[in-house]
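Geometric and topological summary
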Amino acid sequence: MSAVNTNASDNDGYNITQANSGFQRYLFFSPAFNVFILTSLIGIIVAAIIGNSLVCAATSLSPNLRKATTSLFILSLAISDLVTAVLAIPFDVYVILTNGLWFHSKAACTVWTTAYLLTIPTSNLTLLVLSIDRYMTLSEPLNQFRGRQAMTRRRILCYIAALWIYTLVCALLPQTGWEIWRLRPTNVIGGICIFNGSRLYNILVTVLHFIVPGLAMCVIYLMIYHQIRRHTRAVRPIDSPVTQSTQVSLLLHRNIRAAKRIALIVSVFLLCWVPYSILSIIGNLCDKCFVKIPSELFYVTLMTGYLNTALNPILYSFNNRNFIDSYKRLYRAIRRACGRIGSLK
């Protein structure tokens, strides 16, 4: 998930840098591979833009979704995926079409690298906080029933804002000019746009933004699994009235369904990004091992990671009645608007 370091010289056009999209170098893919990777990336861009735009619209239209605290995290994830689809993936398509060369400005190169380093860690850390929220909700379900939620709406908004600010600062570190964070004085070398992070920066980004959150999410969901097993065995009445016991039981079942839905989102995210992250770690720790890996493999694993941006909108809606109802209302509204436009003609 991080940029990959290099010790190549500035005049080495072939091995100029090893970064986000596998080797950032002159690319000589076969026509068949070019068609495959370009078709896949363009399809991901279209699906991600449409799907995540629908998620944002559905969340704004549905009172139930606006009220649910979980929807705030999902909205943050959708915005992150939209930024990835608009500002990160299209540049990968461009680089493949130009055989690795960069004909835009240094500012455009900075936009590409910063957008990537901003959105992917933001998604990962948001999923981590969302997992913590699900665990706390299942650990003390009666607090939610009695109106004492561990995660209030204001607190969640503060967490999301802090995450975006933190990842933006981290993404901009290679642009600060500090030698400890950047690899080269410029991010365009020999006509190639590089991910200009130092070896230390790349390792820290990988560890702090993927390895630690990924392991933490696995541990949290093991704990959630034990909570679900404990709750599904029996729901004991607390204050003994039957009505309250029934309401607590229904609330628990709803929280359990939400936890399973978030677990699915987290699992797909990890499956999509683990292959590319492993290659990134190899590239930072072992240069000799890295150069032996074909760049086609890097683009395939990167494409798999980007695929997550198109899958998330489907996962959000999975077994979620509020999202499905909101999509139906949105479809009816668009259909009525199209009908009015047709009648004017």
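Quick look at the structure, then. Every chain's residues receive numbers from 1 upward, in the order its sequence appears when written. In keeping with the model being predicted, local features are shown solely for residues with a pLDDT of at least 70 and side-chain atom pairs are shown and tallied solely at 80 or more, while totals for entire chains, interfaces and linings include all residues. Side-chain descriptors were evaluated using all non-hydrogen atoms of the structure, hydrogens and water having been removed beforehand.

Points about the state of the cysteines
Note on terminology: pairs of cysteine sulfur atoms within 2.5 Å are recorded as disulfides. Here the structure, examined in full by the defined rule, presents 1 disulfide. Here Cys109 connects covalently by a disulfide to Cys193, the sulfurs 1.9 Å from one another. Where Cys109 bonds to Cys193 through sulfur, the torsion about that S-S bond is close to 85°, and the disulfide is right-handed. Here the residue Cys109 occupies a position in helix H4 (residues 106-139), and Cys193 occupies one in strand E4 (residues 192-193), the gap between them amounting to 84 residues. Partly exposed describes any residue whose relative accessible area lies between the buried limit of under 20% and the exposed limit of over 50%, with all areas from a 1.4 Å probe on protein chains only and scaled to the type maximum. Residue classification places Cys109 among the buried residues on the basis of a relative accessible area of 0%. Counting from the N terminus, the helices are the DSSP runs of H or I reaching at least four residues and the strands are the DSSP runs of E reaching at least two.

So, the packing of H4 against helix H6 (residues 153-172)
Every axis corresponds to a line fitted to the C-alpha atoms, with the helix fit spanning only the stretch in contact, and the corresponding angles, defined between N-to-C directions, vary from 0 to 180 degrees. The interhelical angle for the contact between H4 and H6, taken along N-to-C directions, is 145°, at an axis separation of 9 Å. You can see that H4 and H6 cross each other, and the crossing is right-handed. In this structure, H4 contributes Thr114, Leu117, Leu118, Pro121, Thr122, Leu125, Thr126 and Val129 to the contact, and H6 contributes Tyr159, Leu163, Trp164, Tyr166, Thr167, Leu168, Ala171 and Leu172. Of the residues assigned to the contact of H4 with H6, the class counts are 12 nonpolar, 4 polar and no charged. Whether a crossing is left-handed or right-handed is set by the direction in which the near helix is turned from the far one by less than a right angle, anticlockwise for left-handed and clockwise for right-handed. A contact between two residues is defined here by any heavy atoms of the two lying within 4.5 Å. Amino acids outside the nonpolar list (Ala, Val, Leu, Ile, Met, Phe, Trp, Tyr, Cys, Pro) and the charged list (Asp, Glu, Lys, Arg) are all regarded as polar, and Gly is one of them.

Brief notes about the environment of Val95
Here Val95 is to be found in helix H3 (residues 69-97). On the basis of relative accessibility, which here comes to 4%, the residue Val95 falls in the buried class. Along the backbone, Val95 and Ile192 are 97 residues apart, and their C-alpha atoms lie at a distance of 8.9 Å. The residues contacting Val95, other than those within four sequence positions of it, are Leu27, Gly100, Leu101, Trp102, Trp112 and Tyr299.

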